[in-house]
Amino acid sequence: MGIQQVMITPCKSEQELLERFGCYGFEKQFTFYDVIGDSNWQIDIDQGVIHFDEDITFSIQLLGSFSLSSETWLWSWNNEASQLPTPVIEQALSLKHYGEENNIDLFTVGQFVATEADLYKIGAIAAGMFDTNGFYLADFGQGIALVTVKRDHIDHNTRNQTQICETFSEFIANFDVNHYQALKYYLIAKDYQIEPSDLTDHSTLVAIKGQERIVAQFDQQSRLISLNG
């Protein structure tokens, strides 16, 4: 359940977290939805699992829920009324602890006004931080439960360079991030090596893994100009 150790220093804001982990978590959704398709879901919170139709099961961690009526987000660790079993909220508790250590309100304020877009942000960050198979928004009518999902035998490393580039382009179209930083950490999470000269020069990023090579160009505001793999 531990947080991925892909950073030298802790993130001090939700923006840094999104740039550090978001695209890696976002990518996982493509493989996850290839598995579940448009299956119906059912959660067994006591067992800590989610079933899709009759033959697909993932273990889950319940991060929290979004109320459609009040438009508020409630972290699972703050949901005393539901008496949730501790094993199913371990990731939420880890995020709370991380937020307390690094002064990140997103993880420490138990309930706050939110939008559905915030669910995707929290889900992508958590999926990247905990290296899960993705996250799922379970709409139960009155609200939406946000869970991370995990099962064996799902390979997230089969995406080719073209798919990696397409994933990143879609990520920055949906999230407001520093393009250079987000791409750098995404590729590091994908086991690419960033050429040392590019760690200070933010106009070009070159990443290499074996025979694969990805090259990106950025403008003076670190916005992506070109991405080739």
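Note that residues are indexed from 1 along each chain, following the sequence as it is written. It should be noted that, the model being predicted, local features are given only for residues of pLDDT at least 70 and side-chain atom pairs only at 80 or more, the latter also being counted only at that level, while totals for whole chains, interfaces and linings use all residues. Remark: hydrogens and water are excluded; side-chain values derive from all non-hydrogen atoms of the structure.

**Student:** I would appreciate a short explanation of the environment of K28 in the present structure.
**Tutor:** Looking at the element boundaries, K28 is found in helix α1 (residues 14–36). Only protein chains enter the area calculation, which uses a 1.4 Å probe; residues under 20% of their type maximum are buried, those over 50% are exposed, and those in between are partly exposed. On the accessibility criterion, K28 (1% relative accessible area) is buried. On a C-alpha basis, the gap between K28 and G123 in space is 11 Å, while along the polypeptide they are 95 residues apart. In protein, a polar contact requires one atom able to donate a hydrogen and another able to accept it; more generally it is a pair of N or O atoms within 3.5 Å, and residues adjacent in sequence count only if both atoms are side-chain atoms. A distance of 2.9 Å separates a polar side-chain atom of K28 from the backbone oxygen of T132. Numbering of helices and strands runs from the N terminus, with a helix taken as a DSSP run of H or I at least four residues long and a strand as a DSSP run of E at least two residues long.

**Student:** It is not clear to me how the packing of aromatic side chains should be interpreted in this structure. Could you clarify?
**Tutor:** Here the distance between the centres and the angle between the planes together describe a pair of aromatic rings. Any two rings among Phe, Tyr and Trp, with Trp reduced to its six-membered ring, count as a pair given centres within 6.5 Å; such a pair is stacked if its planes are under 30 degrees apart, edge-to-face if over 60, and tilted if neither. Tallying each qualifying case throughout the model produces 16 aromatic pairs. Residues F26 and F30 carry aromatic rings whose centres are separated by 5.6 Å and whose planes lie at 85° to one another, so their mutual orientation is edge-to-face. You can see F26 and its partner F30 sitting in helix α1, four residues apart, about one turn around the helix. On the basis of relative accessible area, F30 is assigned to the partly exposed category, the value being 26%. With 5.2 Å between their ring centres and 65° between their planes, F32 and Y33 make a pair best called edge-to-face. Residue Y33 is classed as partly exposed on the basis of its relative accessible area, which comes to 37%. Connected via pairs of aromatic rings, a cluster forms that spans F32, Y33, F52, F58 and Y136. One Lys or Arg, K28, reaches over the ring of Y24 and ends 4.3 Å from the middle of that ring. The side chain of R151 reaches across the aromatic face of F58, ending 5.2 Å from its centre. Either the NZ atom of lysine or the CZ atom of arginine qualifies as a charge over a ring when it sits within 6 Å of the ring centre and within 35 degrees of the ring normal.

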